[in-house]
Every structure is written in C-alpha cells, then in structure tokens.
Amino acid sequence: EGLIRPEMSPDGKTLYFDRVDPKSNTMRLIARDLKSGREKELFRTESPARISGSALSPDGRQFVRSIMPSRSGPEGPVLKMLSTSGGPPRDLIQFKVSEKLRAVGVTWMPDNQNVIFWKWLEGFKDLELWRISADGGEPRRLWLRSTRGQMRIHPDGQHVAFYDRSTTRTVWVMENFLPATAVAESGR
C-alpha cells in the first residue's frame, strides 16, 4: 500500500494520510494516533474517482477533499467536508459536468471559515482561484492566472504561496540567509 498526502494535526498527536490499495483501487483517508499507533478510516474513495486535492483545516477539525469522479460519468467534481472526529461527509460544492474541470485544488484560509480552491479548466492553461465559506453558499472568483499547482495561505491571511509548473527556467541567488554562527563555522 502506498501512503500519500501526509498532514500532521496542529497538536502533533495525529498523522493524517491517504492509504492507496492498488489491488482494490481504493484510497482511504486514515487518522493515525501517534502515541498508540491506532488507525481510523475517515473516508474512502473508490476508482474511477480520484482525489485532486485535500487540506486539513488550521484548527485540525475538518478536511476538505476535492474528488474528481469518472470523466465519463454523469457527475462533476465535488468538494466534500469531513470531520476529523468522524461522521458522514457533506458536500460543500458540487461542480457541473459542463464546467469540464481537469482538477480542483483546495486549501484553507487561516480563519477556519473559508476554503480557497482553484479550478483548472480542461483544455486551458488558466487557473481560476475561488473562495467559498466552509458553511457553503455561493463561491466567489478571486483571481485568474496562467499557472497551476499546490498553494498555501500564510497564517496572516494576506499572502499566498504556490508553485508554477511552467517551462520557464530561472536561477535565484540567496545572500545572507544563514545565521552569522553558521557562516563563521562554514569558513573554517
């Protein structure tokens, strides 16, 4: 079995990860208590559906999961909310098949009240960044950009970090980023 997308709970007591079973074509979200070693399955996805994004809320109480169903099926992608304490998931937003989404990525705002998601439109290089309340409601488009990839929101809620899978190559120089003691020791 493969283990992917590990996330640590804010208190450092629980490790969450997806366990992939290639024999049964299932992906299970597992909560592992690090002290006892006990594991609990929180959610299961079966092929041909796949997870295109997953994020633990900053308070560690909820996951938002982006589930891409079969491309030939009647349903579009869905964002599901899952409680880390268990219970049935709920749909945050169900996308229409007509949107022709190739992927939907997710992350949380630091306030635990809003989910940020990006829509990667099939056949396009553009990325649409959206926000929706964790309680549901009408989503709001925030940004359109020619990029795609994972993103994280800074705890101050004012900065976004993401990576770009473009073919542009750059070299960056970092100066004076080591503490003075490390610089002195490396000069020996």
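Placed above this text is the structure.
This one's a predicted model, so the numbers in the text were calculated from it and none came from an experiment. (Residues numbered from 1 in each chain as written. Predicted model: local features only at pLDDT ≥ 70, side-chain atom pairs only at ≥ 80, totals over all residues. Heavy atoms only, no water.)

Q: Would you explain the overall build of the protein in this entry?
A: The number of helices and strands found in the protein is one helix and 14 strands. Within the protein, counting contacts between residues at least 6 apart in sequence, those at least 24 apart form 28% of the total. Here the protein displays about 12,000 Å² of accessible surface, and carbon together with sulfur accounts for 50% of that area. (Helix = DSSP H or I, 4+ residues; strand = E, 2+ residues; numbered from the N terminus. Contact = heavy atoms within 4.5 Å. Areas by Shrake-Rupley, 256 points an atom, 1.4 Å probe, with all protein chains shown as cover.)

Q: Explain the nonpolar core to me, please; I cannot follow it from the model alone.
A: For soluble globular proteins, nonpolar side chains are generally found buried alongside one another. Core analysis: the biggest nonpolar cluster contains 18 residues, and Val64, Leu79, Leu92, Phe95, Val104, Trp108 and Phe117 have the highest contact counts within it. Counting only elements with at least two residues in this core, the list comes to β6 (62-68), β7 (78-83), β8 (90-94), β9 (101-108), β10 (114-121) and β11 (127-133). Those residues in contact with Val64 that sit more than four places away from it in its chain are Gly53, Ser54, Ala55, Leu79, Lys80, Met81, Leu92, Val106, Trp108 and Val115. (Core = buried A, V, L, I, M, F, W, Y, C linked by side-chain atoms within 4.5 Å. Buried < 20%, exposed > 50% of the residue type's maximum accessible area, 1.4 Å probe, protein only.)

Q: Just to check I follow, could you spell out the packing of aromatic side chains for this structure?
A: Two measures describe an aromatic ring pair: the distance that separates the ring centres and the angle between the ring planes. What the rule picks out here adds up to three aromatic pairs. With a centroid separation of 5.2 Å and 75° between ring planes, the pair formed by Tyr16 and Phe63 is classed as edge-to-face. Linking Tyr16 in strand β2 (residues 14-21) with Phe63 in strand β6, this pair joins segments that are 47 residues apart in sequence. Comparing Tyr16 with Phe63 shows no difference in burial state: the two are buried. (Phe/Tyr/Trp six-rings, centres within 6.5 Å; stacked < 30°, edge-to-face > 60°.)

Q: Just checking my understanding: could you explain the pairing of strand β5 (residues 50-56) for this structure?
A: Along any regular strand the residues' side chains alternate between the sheet's two faces. Summarising burial for β5: six of the seven residues are buried, a large majority. Where β5 lies against β6, six bridges are found, and the strand directions are antiparallel. Each bridged residue has a counterpart across the sheet, and for Arg50 the counterpart in β6 is Met68. The turn joining β5 and β6, which pair antiparallel and follow one another in sequence, is formed by five residues; a positive phi near 75° is taken by Gly60. (Pairing = 2+ DSSP bridges.)

Q: Would you mind showing me how to read the layout of surface pockets here?
A: The probe, sized like a water molecule, is rolled over the atoms to show the empty space still left. Counted as a void, the second largest pocket has a volume near 210 Å³. Lining the second largest pocket are 13 residues, and of these Leu56, Pro58, Thr107, Trp108 and Arg152 sit closest to its centre. Split into classes, the residues belonging to the lining of the second largest pocket amount to nine nonpolar, two polar and two charged. (1 Å grid on protein atoms, 1.4 Å probe; cavity = no way out; pocket = protein on both sides within 12 Å on 5 of 7 lines; lining within 4 Å. Points joined across faces, edges and corners; volume = space filled by probe spheres on them. Nonpolar A, V, L, I, M, F, W, Y, C, P; charged D, E, K, R; others polar.)

Q: Honestly, the pairing of β11 in this entry has me stumped. Any pointers?
A: Burial analysis of β11 places five of its seven residues in the buried class, the great majority of the element. Here β10 runs beside β11; their pairing, made up of seven bridges, is antiparallel. The residue of β11 that forms the bridge with Val115 is Ile132.

Q: Explain the pattern of salt bridges here, please?
A: Two side chains bearing opposite charge may form a pair once their charged atoms approach each other closely. According to the stated counting rule, one finds ten salt bridges in the structure shown. Here Arg141 and Glu128 are joined by a salt bridge, their closest N and O atoms 3.4 Å apart. Placement of the pair is Arg141 in strand β12 (residues 140-145) and Glu128 in strand β11, with a sequence separation of 13 residues. Classification of Glu128 by relative accessible area gives buried; the value is 12%. One salt-bridge network, held together by shared partners, links Glu99, Lys119, Glu128 and Arg141. (Salt bridge = Lys/Arg side-chain N within 4 Å of Asp/Glu carboxyl O.)

Q: Before we go on, may I ask you to explain unusual backbone geometry in this structure?
A: Here the bond from Ser47 into Pro48 is cis, since omega is 15°, no more than 30 degrees from zero. Summarising the element assignment, Pro48 is placed in the loop between β4 (39-46) and β5. With phi around 55°, Arg5 is a residue other than glycine that occupies positive phi space. Take Arg5: it is sitting in strand β1 (residues 2-8). Not every positive phi belongs to a glycine, and Asn112 is a case in point at roughly 65°.

Without other data, these values stay purely geometric and don't point to any function.
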